[in-house]
Amino acid sequence: TLVFTDMDGTLLDHHTYSFDAARPALTALKEKNIPVIPCTSKTYAEMVELRNYIGLTGPFIVENGAAAFVPHGVLSQKPVGAIWQDGFWCQSFTSPKAHWLKLLEMIKPEFDGEFTHFSEMSIDAIVQATGLDEASAARAAQRQYGEPVMWLGDEKRKAAFLSAVKARGAQPLEGGRFIHVSGDCDKGAALRWLVQAFSRQSEAAPRAIALGDGKNDIAMLEAADIAVIIKSPNHPPPEVKKEKALYTSTLPGPEGWTEMLTKLLSLKN
Ligand code: 2M8
Ligand code: MG
Ligand code: MG
């Protein structure tokens, strides 16, 4: 079994970013040697820090499926096409950020004053928008593959914006706070890539459990064998199309994370 998890609003509390309530399940999973694999909108810089802080040692997926990082020693062979970077095999699935920034520049006149985005925001403005501390906000600003857009206009115009970026070849994905503009990648494709890499070194393909709370988690939840929607305190649940093995937590964020993994894996706590 592999556990793929979103971060904000799932393993971490949407407002406080605390993972305290997930500790019991994290400990039980560690005892069972079940890897917990973050699959997040966060950047490489954020995840290098966060995984240490949480105590995770396995692979992780950044920027909504834009790239997967696998630490040395996890896979018995080098993944085809991956590059070696700071002690990880890095497999990227989309173009660098510069491409998507150009696209945003192009459509700016059409949506005058209706959005801003990370490259235009100061670290202080990112602190204000996210509630992250300054150092974390600076790491969130280090995007490699895509650009978070902060929507300032109304909902109807937001739909027009989403269509406009799609028409120009981007795939916008909505997180808890931002619209992430990047290429044809998503958390689901990255999950499948990693499951396949693990399959190559064992007889049976591993079973993937995925947990997430947002629209940007839909592809990941649909790609997993078992999907868990984590209840959000501030937005409706994502519309996941899955015939079976789809569960929804009754508790939000890390409380719901422990609730559901304890049930599904019969963990003791
Ligand atoms: C952004 O990601 C969240 C995830 O749902 C969002 O879109 O609301 C990213 O900028 C990420 O890097 C950052 O850590 C997070 C902080 O809330 O916001
Ligand atoms: Mg989330
Ligand atoms: Mg997320």
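Computed from a predicted model, the values in this text were never measured in an experiment.

## Side note on the sheet that holds strand E4 (residues 67–71)
For step 1, the next point in the chain: Taken in spatial order, the four strands of this open sheet run E3-E4-E6-E5, and their pairing is antiparallel. Edge positions in the open sheet fall to strand E3 (60–62) and strand E5 (83–85), since each of these has one partner strand only. On average, each strand axis in the sheet is inclined to that of its neighbour by 30°, with strand direction left out of account.
For step 2, the next point in the chain: Where E5 lies against strand E6 (residues 88–92), three bridges are found, and the strand directions are antiparallel. Looking across to E6, one finds that Ile83 is bridged to Cys90.
For step 3, the next point in the chain: Of the strands in this sheet, E3, E4, E5 and E6 are in contact with helix H2 (residues 44–54), which crosses E3 at around 150°.

## A short note on the site of ligand 1
For step 1, the next point in the chain: The environment of ligand 1 is made up of 15 residues, and the closest members are Tyr17, Glu46, Arg143, Arg177 and His180.
For step 2, the next point in the chain: In the environment of ligand 1, an oxygen atom lies 2.5 Å from a nitrogen or oxygen atom belonging to the side chain of Glu46.
For step 3, the next point in the chain: Protein burial of ligand 1: of its 410 Å² of free accessible surface, 98% is covered by the chains.
For step 4, the next point in the chain: A molecule is said to occupy a pocket when more than half its atoms come within 2 Å of that pocket's grid points, and by this definition ligand 1 occupies the largest cavity.
For step 5, the next point in the chain: Split by domain, the residues of the shell around ligand 1 number at least three in each of domain 1 (2–93 + 185–264) and domain 2 (97–182).

## Some remarks on the domain arrangement of the protein
For step 1, the next point in the chain: Segmentation of the protein into domains returns domain 1 (2–93 + 185–264) and domain 2 (97–182).
For step 2, the next point in the chain: If you average the C-alpha positions of domain 1 and of domain 2, the two centres end up 23 Å apart.
For step 3, the next point in the chain: Listed as interface residues are 23 residues of domain 1 and, on the opposing side, 19 residues of domain 2.
For step 4, the next point in the chain: Both sides of the domain 1 and domain 2 interface together cover about 1,700 Å² of buried area, and 49% of this is carbon and sulfur.
For step 5, the next point in the chain: Ranking the residues of domain 1 by area buried against domain 2 places Tyr17, Glu46 and Glu63 at the top, with a combined share of 27%.
For step 6, the next point in the chain: Here domain 1 and domain 2 share two salt bridges between them.
For step 7, the next point in the chain: With a closest N to O distance of 3.5 Å, Glu174 and Lys215 form a salt bridge.
For step 8, the next point in the chain: At the surface where domain 1 touches domain 2, the tally comes to 10 residue pairs in polar contact (both at pLDDT 80 or more).
For step 9, the next point in the chain: Counting residues per element, the ones that place at least two in the side of domain 1 that touches domain 2 are H2, E4 and E6.
For step 10, the next point in the chain: At four residues, the largest contribution of residues to the side of domain 1 that touches domain 2 is made by H2.
For step 11, the next point in the chain: Looking at the side of domain 1 that touches domain 2, its residues break down into nine nonpolar, eight polar and six charged.

## Observations concerning the pattern of salt bridges
For step 1, the next point in the chain: Per the stated rule, a full pass over the model turns up 14 salt bridges.
For step 2, the next point in the chain: Its salt-bridge partner being Lys158, residue Glu155 comes within 3.9 Å of it at the nearest N-O pair. Here Glu155 pairs with Lys158, and both are found in helix H6 (residues 155–167), just three residues apart, close to one helical turn.
For step 3, the next point in the chain: Shared partners join several salt bridges into a network, and the residues in it are Glu155, Lys158, Glu174 and Lys215.

## Section: the nonpolar core
For step 1, the next point in the chain: Formed by 36 residues in total, the largest nonpolar core has its most connected members in Leu26, Leu29, Ile54, Phe69, Trp257 and Leu261.
For step 2, the next point in the chain: Every element with two or more residues in this core is listed here: helix H1 (23–31), H2, E3, E4, E6, strand E11 (208–212), strand E12 (226–231) and helix H9 (253–264).
For step 3, the next point in the chain: Not counting residues within four places of it along the chain, the set of residues in contact with Trp257 comprises Val3, Thr5, Thr10, Leu11, Ala22, Ala25, Leu26, Leu29, Val36, Leu211 and Ile230.
For step 4, the next point in the chain: Grouped together as the second largest cluster of nonpolar side chains are 25 residues, Cys39, Val195, Ala224 and Ala227 included.

## Some thoughts on unusual backbone geometry
Trans is the prevailing form of peptide bonds, just as negative phi is the prevailing case for residues other than glycine.
For step 1, the next point in the chain: With phi around 60°, Asn33 is a residue other than glycine that occupies positive phi space.
For step 2, the next point in the chain: Within the fold, Asn33 resides in the loop between H1 and strand E2 (36–38).

## Quick notes on the sheet that holds strand E13 (residues 246–252)
For step 1, the next point in the chain: Read across the open sheet, the five strands follow the order E2-E1-E11-E12-E13; overall the sheet is parallel. Here the strands that pair on one side only, and so sit at the sheet edges, are E2 and E13. This sheet shows a mean twist of 20° between the axes of neighbouring strands, independent of strand direction.
For step 2, the next point in the chain: The strands that H9 touches are strand E1 (2–5), E2, E11, E12 and E13; relative to E13, the one it contacts most, it runs at about 135°.

## Overview of H2
For step 1, the next point in the chain: For H2, every residue scored as buried is listed here: Tyr44, Ala45, Glu46, Met47, Leu50, Arg51 and Ile54.
For step 2, the next point in the chain: Just downstream of H2 lies Gly55, where phi reads positive at about 95°.

## Regarding empty space enclosed by the protein
Empty space among the atoms can be located by rolling a probe the size of a water molecule over them.
For step 1, the next point in the chain: Scanning the model with the defined rule gives three cavities of 30 Å³ or more in all.
For step 2, the next point in the chain: Reported here for the largest cavity is a volume of approximately 320 Å³.
For step 3, the next point in the chain: Looking at the largest cavity, it is lined by 24 residues, and the ones nearest its centre are Asp8, Ser41, Lys42, Phe178 and His180.
For step 4, the next point in the chain: Each residue belonging to the lining of the largest cavity can be placed in one class, and the counts come to six nonpolar, 10 polar and eight charged.
For step 5, the next point in the chain: The space that makes up the second largest cavity amounts to roughly 80 Å³.
For step 6, the next point in the chain: Taken together, 13 residues line the second largest cavity, and the ones lying closest to its centre are Glu63, Asn64, Gly146, His180 and Ser182.
For step 7, the next point in the chain: Counting only elements with at least two residues in the lining of the second largest cavity, the list comes to strand E8 (147–151), strand E9 (171–174) and strand E10 (179–182).
For step 8, the next point in the chain: At three residues, the largest contribution of residues to the lining of the second largest cavity is made by E10.

Cut-off values and rules
- Residues numbered from 1 in each chain as written.
- Chains lettered and ligands numbered in written order.
- Predicted model: local features only at pLDDT ≥ 70, side-chain atom pairs only at ≥ 80, totals over all residues.
- Heavy atoms only, no water.
- Pairing = 2+ DSSP bridges.
- Helix = DSSP H or I, 4+ residues; strand = E, 2+ residues; numbered from the N terminus.
- Axes fitted to C-alpha atoms, helices over the stretch in contact; angles between N-to-C directions.
- Contact = heavy atoms within 4.5 Å.
- Near = heavy atom within 4 Å.
- Polar contact = N/O pair within 3.5 Å; in protein donor to acceptor, adjacent residues only side chain to side chain.
- Areas by Shrake-Rupley, 256 points an atom, 1.4 Å probe, with all protein chains shown as cover.
- 1 Å grid on protein atoms, 1.4 Å probe; cavity = no way out; pocket = protein on both sides within 12 Å on 5 of 7 lines; lining within 4 Å.
- Sits in = over half its atoms within 2 Å of the grid points.
- Domains from an automatic or database assignment.
- Buried area = accessible area lost by both parts, 1.4 Å probe.
- Salt bridge = Lys/Arg side-chain N within 4 Å of Asp/Glu carboxyl O.
- Nonpolar A, V, L, I, M, F, W, Y, C, P; charged D, E, K, R; others polar.
- Core = buried A, V, L, I, M, F, W, Y, C linked by side-chain atoms within 4.5 Å.
- Buried < 20%, exposed > 50% of the residue type's maximum accessible area, 1.4 Å probe, protein only.
- Points joined across faces, edges and corners; volume = space filled by probe spheres on them.

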